[in-house]
Amino acid sequence: MAGLLTSLYTGASGIYTSQTAVQVTGNNIANAGTTGYSRQIADVTSTTPLTQGGLTYGTGSAVDAIDRASDGFITKQLVAQSATYGEYEAASTPLSDIEQILDIGNASISSEIDSFFDAWEQLSTNPSGTAERQQVLQEGTDLAEHFQLIDQQLADVVESINSSIESSLPDLNDQLQQVANLNQSIMQNELAGGDANTLRDERDLLVQQVSETCGATTYTDNNGMVCLQLHNGLPLVTGNVASSFSSTKVDGLTQISLTCGNTSFALDHEDLGGALKGQLTVRDVTIPQVQSDIDRLAYTIATEVNTLISTNGGIDQNGNPATDLFTLVAPINPLADPWDGAAASIAMAFDDLALIAAGSSGATADNSLCLDIAALRENTSINGATYTEEYARIATKAGLLVSSNDQRLSASCDVLDELYAKRDSVSGVSTDEEMVLLIQYQAGYEAASNYISVIKEMLDTLLHM
Amino acid sequence: MIITRNATTYRNLQTNLSTTSTTLNQLYVKTSTGIEVAKASDNPSSVGSIISCRSDIVKGERYVANCKHVQDNLSASEIYIDSVEKLMTRAKEIAIAGANDSLSAADKATLADEVSQMREELLDLANTQVAGKYLFAGYNDQTLPFSGSPVTYNGTSDHQMIEVNPGATVAKNITGEELFMSPVNLFTTLEDLQTALTSGNSTTISAMLTPLENAAEQVRSRQSSLGNISARMDDMISMHENALLQVESILSRHQDADLTEVLSEIAKMETSLEATMQVTARVSSLSLMDYL
C-alpha cells in the first residue's frame, strides 16, 4: 500500500501537469496570429507506476514532451507552391510595364505611323506647301522619337529588373545562412533532449521564403537537418553549410552565380525558380523578343520609305536627288539581324523642308512620290502584315502574356491559400479550441488541488488519532 | 477540418476583401474613362480591331478631306473654264457675223480688233493663278505656262493625282495642254479668225466656223468631265462618311465600356463588398469567450 505522502506527490503531479498544459495553451493563444507558428500540444503521459506489496499503482502524470502539430507533406507542398507563386508574382510587374509601353491608346506608335503616312497624303494635295512639308517632317520626327522612347522604356524595365535582382540577393543569402544556422541549433537542442519547436517553425518559414525567391526542393538528411537544392541539383544549404549567391554585370545585365564551397556556377532563368526565374524570364526572353519585334518594325518602315524614295528617283526642292528620309545605325555584330538596334537609332535624316522629295520630276506640283509613300502603309511586308497590323500583333502578344500571367498568378494564389488553410487546420491555433482546453486543464488543476486537500485532511485525521 | 478563426477565416476574408475592392476599383476606372479595353490584356483579341479601326478613321477622314480638296480645285478651275467657253462662243458669233457679205471692211476690222482683244483675254485666262499657283500648268504650277507668239505651252501634261479611296486616284487639275492646245489650239484658231476677218472674204470666214466649233467643243468636254468628277466626289464623300460612322461604331464596340453593364456590375460588387465587411465584423464578435 502506498503511503499518504506518495498520494500527496501524485496530487502534486496533477497540479504540475495542468499548470504546464495551461502554459502551453497560453503560449498557443498568444501566438494565434504569429506567421508560421505551429500549435503546440502538451504530451501528457502517466508516470512510472510503483510496485509495492504485490500491487502496481500509478503515481500521477507528467508532461513528457511539448509536441508541434505539423504535417511534413503540407510543408513540402507549401515550399513548392511558393516557388510557383513567386515566379508569377515577380513577373507581373515588369510584364504590365511592357504592356504599358506597348500602348494601344490614341497616343500609341500605331497612331504615329498613321499620322506619318497621313502627312504624306496631305503633302500630295500641296507638294510645295511649307506647312505640309513641316507636317511630314514633324510626324517623321515624332515617329522616330516614339521608337526611341519605346526602346528606352524597355531598357528601363531591364534596369529595374536588374536592381530588383541585386537587392534581393543579400536577403536571400541571409536566409540561406539562417537555415544553415537553424539546422545546427535544432540538432544541438534536440540532442540535448530539448524541444526545438519554435526553431523548427522559424526554419519552415525561412525555407518557404527562400523557395519563393529562388525555387528550392528540400530533403531531410540523417541528422534531421533540412537541405535545400535548386531544381538543377545545385546545393543551397547542405546541413549547416550555406551556399551564397552573387551578381555581376555583363553587357548591362545582372548575371547571378551561386558559390558552393570553392566553386561558382553561373545561373540563368532555367536553373532558378521563384521570383528570380520570373524576373529573369521577362528580362532574358520576353523583352529581347519585344525589342526585336519593335526594331524590325522601325527598320522596315525606315528602309522601305528610304528605298522607295531612291528607286522612284525622288527629287528635292533644290533639284537634287533626294537623300534618305530616315537614318539607321547598322548593328556592329555582323551575325545580328539587320534590324538589331533600329528602334534606338532611327532618326530623321534632316530638318530642312526643301530636302523632302514630293515627286520624281522636281516640278513644283509633282506629287507622285507622296502617293507612293502614302501607299506603303498598305504594304504587307512584315509577316504578311501592314505596319500597324504588325504593331497590333506585338501589343496583342504583350497583352496575352500579361493576361495569362495574371491567370496563373491568381490560380497559384488560390492554391497557396488552400494550402495555408490546410496547414492551419493542422498547425493553426483555434482560440475556441484553446479555450476548451483551458477549461479542461483548469478543471484538472482544481481536481488535483481538491485531491491534495483531501489527502491533507486524511493526514490530519491520522495525526490526531 | 479545423477552421482557425485567426488564420483561416481572416485570411479568406482578407483575400476576398482585396479581390472585391480591386475589381470595384477597375470598374470605377472603366466608368470614369468610358473605356473597356485600355490596355492589351483587357481583351487581347480586340487589339487588332481597335488599331485597324483607328487607322481606317485616319484614312477615311483624309479621303473625305482629299475629295473636298479635289472639288475645291476643280470648281476654281470651272469658273475660268466657263469664261473660256463663253469666249469661244462669242468668237463663233463674231465669225457668223463676219461671214455676212453686207459687212463693210471697217466693220470687219472692228470685229478683228475684238478677236484680238479676245486672244489677249484667252491668254490671261490660260495663265490664271489661284493662291500663287498657275491653274493650267500641269506639274509646273509656279512657271508661267503660256507665253510667246505664237503662244507656246511651257507646263507639263501631268495631272496631280489625289487619292480618294484606297488605291483610287482622281486628277485635281486640268492641264493647259488638254484645255488650250491639243488637239485644237485655241490661240491659233482665234488668230486664224482674226486673219480671216482682216484679210479674208466671207468664204474664208465661214470656213472658220468648224474649227471654232471644235475648239468650243474641246472646252465643253473638259467642263463636263469636271462636272462628272465633282459628282463622283460627292458620292465618295458620302460613302466615306458612312464608312467612318460604321468604323467608329465598330471601334466603340471593341473599345468602349458598356456603361449600363458596368454600372450594374458596380452595384453588384458593392453589395458583395458590403456583405464581406459585415461578415468580417460579425466573425470577430462570435467567440466562445462570450459564454464563459
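Figured I'd write up the structure that's included with this text. The shown structure was predicted, so the numbers you read here are calculated from the model rather than taken from an experiment.

You can see S55 of chain B is positioned in helix 2 (residues 44-98). Residues S55 of chain B and A131 of chain B, 76 residues apart in the sequence, show an inter-C-alpha distance of 32 Å. With sequence-adjacent residues up to four places away left out, S55 of chain B is seen in contact with D114 and T388 of chain A.

Another aspect to go through is the packing of aromatic side chains. All names here are of chain A. By the definition in use, this model includes ten aromatic pairs over all chains. Each ring, one from F117 and one from Y387, has its centre 5.6 Å from the other, and the planes form 15 degrees; the classification is stacked. Residue F117 is located in helix 3 (residues 109-125), and its partner Y387 is located in helix 9 (residues 387-427); the two are separated by 270 residues in the primary sequence. F117 gets classed as buried once you look at its relative accessible area, which sits at 0%. Residue Y387 is classed as buried on the basis of its relative accessible area, which comes to 1%. In this structure an aromatic cluster arises from ring pairing among F116, F117, W120, F326 and Y387. One Lys or Arg, R296, reaches over the ring of W339 and ends 4.9 Å from the middle of that ring.

Once that is clear, we can look at the interface of chain B and chain A. Residue-level contacts link 45 residues of chain B with 53 residues of chain A. Between chain B and chain A, roughly 4,100 Å² of surface is buried when both sides are summed, and carbon and sulfur atoms account for 55% of that area. For chain B, the biggest contributors to the area lost against chain A are I51, R62 and Y139 of chain B; these three give 15% of the whole. Taken together, chain B and chain A are joined by three salt bridges. D424 of chain A serves as the salt-bridge partner of R11 of chain B, at 2.8 Å between the closest nitrogen and oxygen. Inspection of the chain B/chain A interface yields 20 residue pairs in polar contact (both at pLDDT 80 or more).

Right, let's get into the sheet that holds strand 11 (residues 263-267) of chain A. Sheet strands line up and pair through hydrogen bonds in the backbone, either parallel or antiparallel. All names here are of chain A. Pairing is antiparallel in the open sheet, where three strands are placed in the order 9-10-11. Every interior strand has two partners, whereas the edge strands, strand 9 (244-250) and strand 11, have only one. Within this sheet the neighbouring strands show an average axis-to-axis angle of 35 degrees, counted without direction. Pairing geometry for strand 9 and strand 10 (residues 253-260), over seven bridges, is antiparallel. For V250, the partnering residue across the bridge sits in strand 10 and is L253.

The next point concerns the side chain of S38 of chain A. Residue and element names in this part refer to chain A. Relative to the helices and strands, S38 resides in the loop between helix 1 (4-30) and strand 1 (40-46). Only 2.8 Å separates the side chain of S38 from the side chain of D201, close enough to count as a polar contact. Once residues within four sequence positions are removed from consideration, S38 is found in contact with R68, A69, D201, R423 and S427.

Each value, and the rule that gives it
Residues numbered from 1 in each chain as written. Chains lettered and ligands numbered in written order. Predicted model: local features only at pLDDT ≥ 70, side-chain atom pairs only at ≥ 80, totals over all residues. Heavy atoms only, no water. Helix = DSSP H or I, 4+ residues; strand = E, 2+ residues; numbered from the N terminus. Contact = heavy atoms within 4.5 Å. Phe/Tyr/Trp six-rings, centres within 6.5 Å; stacked < 30°, edge-to-face > 60°. Buried < 20%, exposed > 50% of the residue type's maximum accessible area, 1.4 Å probe, protein only. Lys NZ or Arg CZ within 6 Å of the ring centre and 35° of its normal. Buried area = accessible area lost by both parts, 1.4 Å probe. Salt bridge = Lys/Arg side-chain N within 4 Å of Asp/Glu carboxyl O. Polar contact = N/O pair within 3.5 Å; in protein donor to acceptor, adjacent residues only side chain to side chain. Pairing = 2+ DSSP bridges. Axes fitted to C-alpha atoms, helices over the stretch in contact; angles between N-to-C directions.

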